[in-house]
Amino acid sequence: MFGNELIWGEITEDRYVSEDMLYWLFYRLREMPDELIVSEPRMFLNGITSYLGRTNDKINAVRGIGIRVSALLGTLGMLLGEESLRALRPNIQFGEHEVNIELYIGNNGKIYPKTYAGPYSAELEETEFEIKLVVLVCRYILPYLKKGYIDSCDKQEWSIYIKRVFLSAVGNEMSEKIKKVMQSIELDIEKYEAINGEAAGEDLDESEIEELLEEEDLEEEIE
């Protein structure tokens, strides 16, 4: 689309999306959700709808999708686990424009035109709309996102030490979520046993369980 240098000039790569920047976006969403990324022009992070993590052996990948993905237990586990964060899909509010973009580490990305809201929505010609959207993201949104990240680092609003505190808080939140789930299960068990009487709470000893399993295996062989 932008291959003609006579029209668009020389287009060079800028490989500035790092894993640390993606963690910074997660941090901002969870700890500073109402603060501007940059003040002029006004740019907000309205949410994160997807993430991609990959295990250190680069064989397995995990992805979370949904408007509340940043609060999911699986997301918190990914931030602390062996998976490295490879991509995020943030919702960016840039002036009167809002668009969902996917940021991969390095120089790859993706724009989701159907998520766009703003003055370009009135464009009738699809190609012109796509060109304007790509220019908006690549010429304005991404450079200002980079500026916001660098400014945060320069002002010590984000650093390796803040990242450590942030991940420690994530670990505490995971523990609390797991504790609440286990408490809920224990209450369900108590209610079930109260309704169904003592029979529900009777436990078979190990030898009885082994006998039952042996009987089931024998029945399968006969069949």
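Before reading on, note that the structure itself is shown above.
Quick caveat: nothing in here was measured; it's all calculated off a predicted structure. (Residues numbered from 1 in each chain as written. Predicted model: local features only at pLDDT ≥ 70, side-chain atom pairs only at ≥ 80, totals over all residues. Heavy atoms only, no water.)

**Q** Where do I start with helix H5 (residues 160–196) in this structure?
**A** Since the α-helix turns once every 3.6 residues, residues separated by three or four places project in the same direction. Helix length check: H5, at 37 residues, gives a terminal C-alpha distance of 54 Å against a target of 54 Å (1.5 Å per residue), a fit within 8%. Where H5 is concerned, the buried positions are Lys163, Phe166, Leu167, Val170, Gly171 and Met174. (Helix = DSSP H or I, 4+ residues; strand = E, 2+ residues; numbered from the N terminus. Expected span 1.5 Å × (residues − 1). Buried < 20%, exposed > 50% of the residue type's maximum accessible area, 1.4 Å probe, protein only.)

**Q** In this structure, what is going on with the pairing of strand S4 (residues 97–104)? I would like to understand it.
**A** Working note: regular strand, side chains alternate between the two faces of the sheet. Most of S4 sits inside the fold, with six of its eight residues counted as buried. Where strand S3 (residues 84–94) meets S4, six bridges bridge the pair, whose relative direction is antiparallel. Each bridged residue has a counterpart across the sheet, and for Leu88 the counterpart in S4 is Leu103. In this structure, the hairpin formed by S3 and S4 is closed by a connection of two residues, where Gly95 is found at a positive phi of approximately 60°. Here S4 pairs with strand S5 (residues 109–117) via five bridges, running antiparallel. Within S5, the position partnered with Glu102 by the bridge is Lys110. (Pairing = 2+ DSSP bridges.)

**Q** Help me understand the packing of aromatic side chains in this model?
**A** Each pair of aromatic rings is reported with the distance of its centres and the angle of its planes. Using the criterion set out here, one finds seven aromatic pairs in the structure. Between Phe94 and Tyr144 the ring centres are 5.9 Å apart and the planes differ by 35°, which places this aromatic pair in the tilted class. With Phe94 in strand S3 and Tyr144 in helix H4 (residues 126–154), this residue pair connects regions lying 50 residues apart in the sequence. Among the residues examined, Tyr144 registers a relative accessible area of 25% and is labelled partly exposed. Pairing Tyr116 with Tyr120 gives two aromatic rings, centres 5.6 Å apart and planes at 20°, and the pair type is stacked. For the pair shown, Tyr116 and Tyr120 are each scored as buried. Through successive ring pairs, a cluster of aromatic residues spans Tyr27, Trp158 and Phe166. Positioned over the ring face of Tyr140 is Arg139, at 5.2 Å from the centre of the ring. Directly above the ring of Tyr23 sits Lys163, whose terminal nitrogen or CZ lies 4.2 Å from the centroid. (Phe/Tyr/Trp six-rings, centres within 6.5 Å; stacked < 30°, edge-to-face > 60°. Lys NZ or Arg CZ within 6 Å of the ring centre and 35° of its normal.)

**Q** I'm lost on the environment of Tyr27 in this one. Help?
**A** Structurally, the position occupied by Tyr27 is in helix H2 (residues 19–31). Spatially, the C-alpha atom of Tyr27 lies 8.0 Å from that of Lys163, the residues being 136 residues apart in sequence.

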